[in-house]
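Residue strings, one per chain:
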Amino acid sequence: MLRRLLSHDLPRSRVLTVVLIGIVLGLALTPFIFPGTRALNVAAKVIVFIVLAASFDLLLGYTGIVSFAHTMFFGIGAYGIAIAATRLGPTWPALAIGTAAALATSLVLSLLIGLFSLRVRAIFFAMITLAVASAFLTFASQLSDVTGGEDGLTFQLPEALRSGTQYAAEPFLGASIDGRLLTYYLVFIAALVLVLALLRIVNSPFGRVLQAIRENDFRAEAIGYRIVVYRTIASVASALFATLAGVLLALWLRYNGPETTLSFEIMLDVLLIVVIGGMGTVYGAVVGSALLVLAQNYLQDVMKLGAGAFENVPLLSRIVSPERWLFWLGLLFVLSVYWFPNGVVGRLRQRAAAWRAAVADRASVKAR
Amino acid sequence: MTTPPLLTLAGVHTHIAGYHILHGVDLAVPAGQVTMLLGRNGAGKTTTLRTVMGLWAASAGSVTFDGTRIDATFGTPDIARLGIAYVPENMGVFADLTVSENMLLAARGARTFDRLDTARLEWLFGLFPALKKFWLYPAGKLSGGQKQMLAIARAMVEPRRLLLIDEPSKGLAPAIVQNLVEALRELKRTETTVLLVEQNFQVAKALGDHVAVMDDGRVVHRGPMREMADDEALQQRLLGLSLAAHS
Amino acid sequence: MSEAVSEVVSEPAIATASASSGDATATHAIPRTRFDALPLLLVAVLALAAWPLVGSSSTWLTLTAAGLAMGMIVFIAASGLTLVFGLMDVLNFGHSLFIALGAYVTASVFAALATWTSMPSIALNLGAIGVAVLASMALAGAVGLGFERVIVRPVYGQHLKQILVTLGGAIVGEELIKAVWGPQQIALPPPEALRGSVLIGEVVVDKLRLVSVAIGVVVLVALVWTLNRTKIGLLIRAGVQDREMVESLGYRIRRLFVGVFAAGSALAGLGGSLWGMNQQIVVPQIGAQVNVLIFIVIIMGGLGSTVGCLVGALLVGLMTNYVGFLAPKLTMFSSIGLMVAVLLWRPRGLYPVTSR
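On a predicted model such as this, the values are computed, not experimentally measured, just so you know.

Draft legend 1. Spotlight on the overall build of chain B. The secondary structure content of chain B amounts to 10 helices and 10 strands. Its C-alpha atoms put chain B at 50 × 45 × 40 Å along the principal axes. Considering chain B as a whole, with its 247 residues, one finds that 50% of them fall into the buried category.

Take a look at the structure:
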């Protein structure tokens, strides 16, 4: 049954399985294991980024399209909720309308971008999406009436999801059972569903055609698959999932601004996650997100300890300073591209496969 | 025939993107003469030239030029500098550059136009009048035949030890092909070694001293041109045609 | 490239009237190359179209001057990138790093030469600018050499990896810049004698901008001269069209490429220096800001074409200034819109490089 749930795309590596279970359980039980708002915020961010990165992997890892406009859809989803909640009030229908409007907008935009991508070469396309994302960011920061400009929009959630709403008088295992907790689990379950859906998509015949196109689009077209159709559908699907990730983020933060979802830093984060985690493996997004977000939030503390040792060395002290954590992550990113082209997940799977092959060899030798 | 071959291929295999194209090519190109490389489409003729030129790497076997073994450390520019000129199937003419610039580029010894060997240029203009006429014209605006002339003239702008020419007559009108043959006959008089790939048997017969026929990535026949030109049955068998049919 | 600067003769030194065999039609003039001026006209068209929209002539002239100046600076920063891509099919998403380096080095030089910049002497001010510009180019070029060796060379031919790796290099580089110069913004006020503007007829022109344009024109002329009148330039132009053939002619184009990459990085450094001086403020993201514009410019102009890059840059410069005046919120979109319009007209850019 578990196999069917995962669409037969198993981790194929014991280490990976353990890591994944650890992450999922950790996220599921965060309110109880790691008390405090900071931990909960980090966990929520990990969850949202898992969905966002996985949707990007669909585009990059499975279809082979490099697009820097991904954060645009992320932002659309978040703004959909933010604007709806602000304009139409913190009600469930409002959230539904916001989500629907965001999905519709993303659908149209991703169709346009997807169709345009097929008329120009991949390199053109990558650069153009960069420009478009940049423009969208500027646009959102300047449309103050609608988007709240640079300051963004803060809003309330429906009654059921507010932190003031208590569901149980006493805290349970250290966590208070209130609307906030409900929101957290709403986000968690939604993300779980979305990731499983993505697994289903990439392991379907559709997903396999995508991979064929990525490998050799000329041949795929010659065999009879209309790559226009497939790539467009992949672009749209990827955008829609990203939009939903944005919706989840907005629900959690109860705020959205241009820097929260549209900035180039977020795009780079997603890129880092997918590459370090492993392209073309949905699990890479899970592992990568956990790595990146944890690093973002806790690496600095770790580095503070290290920084003390280098205090008096001029340049080195600045590099090891906690604010420069991105330097180390960037370095890891570059090294990953060279030496771990399939990321952490790919590496783990490779080792597991090699180990299995070695075991099989020994067994067959014994049998003779 | 006691002169050692200028170019020798021995057991050359070439793979391209997983496809095994050359299956052990053995070829000897004698110095100072024109060797024709014939064969059907897909026989591996172009691949052979490109392998010699280092554009595609041989996966097995050896290529030797004038006693020097061309191994994996030789890049295409190094091979060219041994004195080998290459005229590819698509002619390789730089469309946005003028005819003059194309020629200057091919003349490695000349830094500027006035360092070009005028006597040699005059000779080339004699062979290919269109070059002089369109000297300042962008090469992309030339007709197919004129581009081919330019491509060959480029290979001749400085003396070279070996010329590799890939299907020069392809797609050209018969009158132009005649010009081409005359120009190449002139080249023959300079005793330059040429390895010429052709599908047009008339051209082959007119110019070739020796012939090698390829099929399925191997050389299946080699010998003097005259022998093959006189033997229609041989032509039929190797090239699937008779002389009369293909002209 | 140290040959004597002899004028390249454009006519063969051989007597053209000499009787050559068989050519009966040698009597009419040799046809010359015809330059495709249509895209250049576009610049004029855009400028003229904006005139009625802007309203006042003097404002229009000022905006046009500013637009052309901005275009010039963007061109300088972009020229290296388009040549690098055209020549070796290498996509350097880390170009922004060299731009930022140029700006930061300029800031440091100005700080070090504060005695020169604070004096109201044009000579000293120009001297300071000269030193800053040369230092920027030198450092950017040197870093470019290292960048090519370490980051780009291992991934030749693999576009996806190139994009990722050069991006990564840019991230690491930006962090290093922040480590060396600090993450806060640095003010870059113009030197004393070059503050303010001059009035040329009805046009108000920043003095500093005039200097930038002058530098830009010098670079442009040098670039055009090198590309069109030297053999190395010939090699580059040919290599952009057909790298394989150039190698078959016996030229080691990889070595040439390293030189072009370094030169392109130096030019980016120069562009960053000028940009920083004109913005009067330097932030770590300065590279990224200009980079988006550069991408738009080189796509519009045609990847690999220097003239296209120039025209594209001028168009973007003008567009940004006109729209910045008329509807400031839409500047970025207007440039993108322009790019889309151009691509619909000529899908491979204004001056597509043949055989690409």
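Having seen it, we continue.
Draft legend 2. Spatial organisation of the overall build of chain C. A count of helices and strands for chain C gives 13 helices and four strands. Of all 356 residues assigned to chain C, the portion counted as buried reaches 51%.

Draft legend 3. Spatial organisation of the packing of helix α4 (residues 70-88) of chain A against helix α11 (residues 227-253) of chain A. Residue and element names in this part refer to chain A. Close contact between α4 and α11 brings their axes to 7 Å; oriented N to C, the two are set at 45°. As far as their axial angle goes, α11 and α4 are oblique. The chirality of how α4 crosses α11 is right-handed. Every residue of α11 that contacts α4 at H70, F73, F74, G75, I76, G77, A78, G80, I81 and A82 is listed here: A239, A242, T243, L244, A245, G246, V247, L249, A250 and L251. Grouping the amino acids of the contact of α4 with α11 by side-chain chemistry returns 14 nonpolar, six polar and no charged.

Draft legend 4. Structural detail: the packing of helix α6 (residues 122-142) of chain A against helix α13 (residues 331-345) of chain C. Packing of α6 of chain A against α13 of chain C brings their axes to within 8 Å, and their N-to-C directions diverge by 150°. Accordingly, the angle class assigned to the pair α6 of chain A and α13 of chain C is roughly antiparallel. α6 of chain A and α13 of chain C meet at a crossing whose hand is left-handed. Residues A131, V132, S134, A135, T138 and F139 of chain A of α6 of chain A lie in contact with α13 of chain C, whose contacting residues are M332, F333 and I336 of chain C.

Draft legend 5. Here's a closer look at the nonpolar core. Counting 307 residues, the largest nonpolar core has V51 of chain A together with V74 of chain C as its most contacted members. It is helix α2 (residues 57-88) of chain C that contributes the most residues to this core, 18 residues altogether. Contact partners of V51 of chain A, with chain neighbours within four places excluded, come to A191, L194, V195, F241, L244, A245 and L248 of chain A.

Draft legend 6. Inspection of the sheet that holds strand β5 (residues 68-70) of chain B at higher detail. Residues and elements named next belong to chain B. What the four strands build is an open sheet, ordered β2-β1-β4-β5; its pairing is antiparallel. Each having just a single partner strand, β2 (19-30) and β5 make up the two edges of the open sheet. In this sheet, adjacent strand axes meet at a mean angle of 15° when their direction is disregarded. Pairing of strand β4 (residues 58-65) with β5, which is carried by three bridges, proceeds in the antiparallel orientation. Paired with T64 across the bridge in β5 is R69. Across the sheet, helix α1 (residues 45-52) is in contact with β1 (5-16), β2 and β4; its angle to β2 comes to roughly 70°.

Draft legend 7. Spatial organisation of helix α7 (residues 207-229) of chain C. Residue and element names in this part refer to chain C. Counted at 1.5 Å a residue, the expected span for α7 with its 23 residues is 33 Å, and the 33 Å between its end C-alpha atoms agrees. Among the residues of α7, L208, R209, V211, S212, V213, I215, G216, V219 and L223 are the ones counted as buried. In this fold, the buried residues of α7 make contact with α2, α5 (122-152), β3 (203-206), α10 (253-279) and α12 (306-326).

Draft legend 8. Representation of helix α1 (residues 38-54) of chain C within the structure. Residues and elements named next belong to chain C. With 17 residues, α1 extends 24 Å from end C-alpha to end C-alpha; this agrees with the ideal 24 Å at 1.5 Å per step. Burial in α1 covers these residues: P39, V43 and A50. For α1, the angular spread of the buried residues around the axis is 85°, confining them to a single face. Away from its buried face by more than 90 degrees, α1 exposes L41, A44, V45, L48, A49 and P52.

Draft legend 9. The arrangement of the arrangement of the chains in detail. Of all two pairs of chains sharing an interface, the pair with the highest contact count is chains B and C. Regarding chain A and chain B, the two do not touch, and the least distance separating their C-alpha atoms is 12 Å.

Draft legend 10. Expanded view of the interface of chain A and chain C. The interface is formed by 34 residues belonging to chain A together with 30 residues belonging to chain C. Listed by contribution, the elements that provide at least two residues to the side of chain A that touches chain C are α6, α13 (264-277), α15 (314-320) and α16 (325-339) of chain A. Grouping the constituent residues of the side of chain A that touches chain C by class yields 26 nonpolar, four polar and four charged.

Draft legend 11. Representation of the pairing of β2 of chain B within the structure. All names here are of chain B. In terms of strand pairing, β1 meets β2 through nine bridges, oriented antiparallel. Bridge pairing in β2 links H15 to H20. Hairpin remark: β1 followed by β2, antiparallel, with two residues in the connecting loop; positive phi at A17, about 50°.

Draft legend 12. Layout of the pairing of strand β10 (residues 218-224) of chain B. Residues and elements named next belong to chain B. Across six bridges, strand β9 (residues 210-215) lies against β10 in antiparallel orientation. Each residue of the ladder has a partner; that of H210, found in β10, is P224. Where β9 folds back onto β10 in an antiparallel hairpin, the turn is made up of two residues, including D216, whose phi is positive at roughly 55°.

Draft legend 13. How the structure looks around the sheet that holds β10 of chain B. All names here are of chain B. Read across the sheet, six strands follow the order β6-β7-β8-β3-β9-β10 without closing on themselves; strand pairing throughout is mixed. Edge positions in the sheet fall to β6 (84-87) and β10, since each has one partner strand and no second. Mean inter-strand twist for the sheet, computed between neighbouring axes without regard to direction, equals 15°.

Draft legend 14. Focus on the environment of V365 of chain A. Looking at the element boundaries, V365 of chain A is found in helix α17 (residues 343-367). Distance from V365 of chain A to E150 of chain A, taken between C-alpha atoms, is 68 Å for residues 215 residues apart in sequence.

Draft legend 15. Just the confidence of the model for chain B, in detail. Averaged over all residues, the pLDDT of chain B equals 88, while 96% of them reach at least 70. Counting interchain partners and residues more than four positions distant, the pLDDT-below-50 stretch residues 242-247 of chain B has nine contacts.

Draft legend 16. Focus on the confidence of the model for chain C. Residue and element names in this part refer to chain C. A residue-level look at chain C finds 89% of positions with pLDDT of 70 or above and a mean pLDDT of 82. The least confident element of chain C is β3, whose mean pLDDT is 78; the most confident is helix α9 (residues 243-248), at 93. Low pLDDT (under 50) marks residues 1-31, which in the prediction has 32 contacts with non-local residues, meaning those over four places away or in another chain. Interface confidence for the predicted complex, expressed as ipTM, amounts to 0.90; the pTM equals 0.79.

Calculation rules
- Residues numbered from 1 in each chain as written.
- Chains lettered and ligands numbered in written order.
- Predicted model: local features only at pLDDT ≥ 70, side-chain atom pairs only at ≥ 80, totals over all residues.
- Helix = DSSP H or I, 4+ residues; strand = E, 2+ residues; numbered from the N terminus.
- Buried ≥ 20, exposed ≤ 12 C-beta atoms within 10 Å, placed from the backbone.
- Axes fitted to C-alpha atoms, helices over the stretch in contact; angles between N-to-C directions.
- Parallel < 35°, antiparallel > 145°, perpendicular 65-115°, else oblique.
- Left-handed = near helix turned anticlockwise from the far one by under 90°.
- Contact = placed C-beta atoms within 7 Å.
- Nonpolar A, V, L, I, M, F, W, Y, C, P; charged D, E, K, R; others polar.
- Core = buried A, V, L, I, M, F, W, Y, C linked by C-beta atoms within 7 Å.
- Pairing = 2+ DSSP bridges.
- Expected span 1.5 Å × (residues − 1).
- Arc of directions from axis to C-beta.
- pLDDT = per-residue confidence, 0-100.

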